[in-house]
Amino acid sequence: MGSRSNISLILITFLLSITLLFSACLSYRFIRVVEGDEVVPPGDAFELGKTNLGDVLSVLGAPDKVAELEGKDLLLYERAVLQDSRLSLGIPLLDISGANIDLSGYGTLVLYDRLWLLFTPDRILRQMMFEKGSSHPYLKALFVED
C-alpha cells in the first residue's frame, strides 16, 4: 500500500512539473534611454586663463545647468545613459483566480558624461573637467573626493 502512494506522489509531481514547464512564461527586457546631447572632451579648443564665456557658448551652445560656486560661474554640459535589464519567469497556477508565481531579477545602471567649466567673475575660463561614464549624479559628483 505504501509503494502505491509513493508511485502516485511521484506521478503527480512529474505531471505537475511538466504542466508548469510548458505553461510558464519567460521574458527578458532591455531598455536604454539617453537624456541629453553627446558631451565630447574639449581637447585643445579651450585654454585656461584665455578662453572667455562667449567663446565657450559659441562653440558648445547653451549648457544643461548653470550654477554659482563661490562667486564663480559653473557651466555643466551633461548626458545621462540609463540601461535597465529584467529577467522574469511567470508560472500561472489558477486561470480562474488569476493567482500566479512571478520570479524576477533586474539591474539598472545610469552613467553620466559631463563637462564642467568654471569661470572667474570676469568671465575667463579658470578650470575645466571632463568625465565619461561616471556613476555619480551631478550633486553627488560635486562632493566626491579624488
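Conventions used here
As a convention, each chain's residues are numbered from 1 in the sequence order in which they are written. Under the rules for a predicted model, residues below a pLDDT of 70 receive no local features and side-chain atom pairs below 80 are neither given nor counted, while totals for whole chains, interfaces and linings still include all residues. Hydrogens and water molecules were not included; the side-chain quantities draw on all heavy atoms of the structure. One speaks of a salt bridge when a side-chain nitrogen belonging to Lys or Arg is within 4 Å of a carboxyl oxygen belonging to Asp or Glu. Each residue gets one of three labels from its accessible area relative to the maximum for its type: buried under 20%, exposed over 50%, partly exposed in between, using a 1.4 Å probe on protein chains only. What makes a patch is a set of residues exposed beyond 30% relative accessible area and free of salt bridges, joined within 9 Å when like-charged and within 5 Å when nonpolar (Val, Leu, Ile, Met, Phe, Trp, Tyr). The method behind every accessible area is Shrake-Rupley, applied with a 1.4 Å probe, and residues are considered shielded solely by the protein chains displayed. Any Phe, Tyr or Trp ring, taking Trp's six-membered ring, that has another such ring centre within 6.5 Å forms a pair; planes under 30 degrees apart are called stacked, those over 60 apart edge-to-face, and the others tilted. Here, over-ring charges are defined by two tests on the NZ atom of lysine or the CZ atom of arginine: distance to the ring centre within 6 Å, and angle to the ring normal within 35 degrees. Think of it this way: any DSSP run of H or I at least four residues long counts as a helix, any run of E at least two long counts as a strand, and we number them from the N terminus. It only takes one pair of heavy atoms within 4.5 Å for two residues to be counted as in contact. pLDDT is a per-residue confidence score from the predictor, ranging from 0 to 100. The nonpolar core is taken to be a set of buried Ala, Val, Leu, Ile, Met, Phe, Trp, Tyr and Cys residues, with the residues joined through side-chain atoms within 4.5 Å. In protein, a polar contact requires one atom able to donate a hydrogen and another able to accept it; more generally it is a pair of N or O atoms within 3.5 Å, and residues adjacent in sequence count only if both atoms are side-chain atoms. Here a cavity denotes a set of grid points, spaced 1 Å apart and computed over the protein atoms alone, in which a 1.4 Å probe fits but from which it cannot get out, and a pocket denotes an open set meeting protein on both sides within 12 Å along at least five of seven lines; residues with an atom within 4 Å of a point are reported as lining. Grid points are joined across faces, edges and corners, and a volume is the space filled by probe spheres set on the points. Under the convention adopted here, Pro, Cys and the residues Ala, Val, Leu, Ile, Met, Phe, Trp and Tyr are nonpolar, Asp, Glu, Lys and Arg are charged, and Gly plus all remaining residues are polar.

Moving on, we get to the pattern of salt bridges. Per the stated rule, a full pass over the model turns up 9 salt bridges. For arginine 86, the salt bridge goes to aspartate 84, with nearest N and O atoms at 3.0 Å. Assessed through its relative accessible area of 32%, arginine 86 is described here as partly exposed. Residue aspartate 84 is classed as buried on the basis of its relative accessible area of 6%. In this structure, a network of salt bridges that share partners links the residues Lys65, Glu78, Arg114 and Glu131.

Taken together, the side chains of Tyr28, Phe30 and Leu87 present a nonpolar region at the surface, about 350 Å² in accessible area. Of the residues examined, phenylalanine 30 reaches a relative accessible area of 47% and is grouped as partly exposed.

Applying the stated criterion across every chain yields a total of 0 aromatic pairs. Across the ring face of tyrosine 106, the terminal group of arginine 86 is positioned such that the distance to the ring centre comes to 4.7 Å.

Here the focus is the side chain of threonine 51. Along the chain, threonine 51 falls in the loop between strand 1 (25–35) and helix 2 (53–60). With a relative accessible area of 7%, threonine 51 lands in the buried category. Residue contacts for threonine 51: discarding those within four places in its chain leaves Phe46, Val56, Phe119, Arg123, Ile124 and Leu125.

The next thing to look at is unusual backbone geometry. The phi torsion at glutamate 70 lies on the positive side, around 55 degrees, for a residue other than glycine. Considering the arrangement of structural elements, one finds glutamate 70 in the loop between strand 2 (65–69) and strand 3 (72–92).

Our next topic: the confidence of the model for the protein chain. Taken over all residues, the pLDDT of the protein chain has a mean of 80, while the share at 70 or more is 77%. Within the protein chain, no element has a lower average pLDDT than helix 3 (residues 138–142), which sits at 53, and none a higher one than helix 2, at 91.

The subject of this paragraph is the nonpolar core. Counting residues in each nonpolar core, the largest one holds 10 residues, listed as Val39, Phe46, Leu53, Val56, Leu75, Tyr77, Leu115, Leu117, Phe119 and Leu125. Taken together, the elements giving at least two residues each to this core come down to helix 2, strand 3 and strand 4 (100–119). Here valine 56 is in contact with Phe46, Thr51, Gly61, Leu75, Tyr77, Leu117 and Phe119, once residues within four sequence places are set aside.

Sitting at the amino-terminal end of helix 2 is asparagine 52, which places a side-chain oxygen 3.0 Å from the backbone nitrogen of glycine 54. With its phi angle positive at about 80 degrees, glycine 61 sits one or two positions after the end of helix 2.

The subject of this paragraph is the layout of surface pockets. What the second largest pocket holds in volume is close to 160 Å³. Taken together, Asp37, Glu38, Val39, Val40, Leu60, Ala62, Asp64, Tyr77, Glu78 and Leu115 form the lining of the second largest pocket. The residue inventory of the lining of the second largest pocket, partitioned by class, reads 6 nonpolar, no polar and 4 charged.

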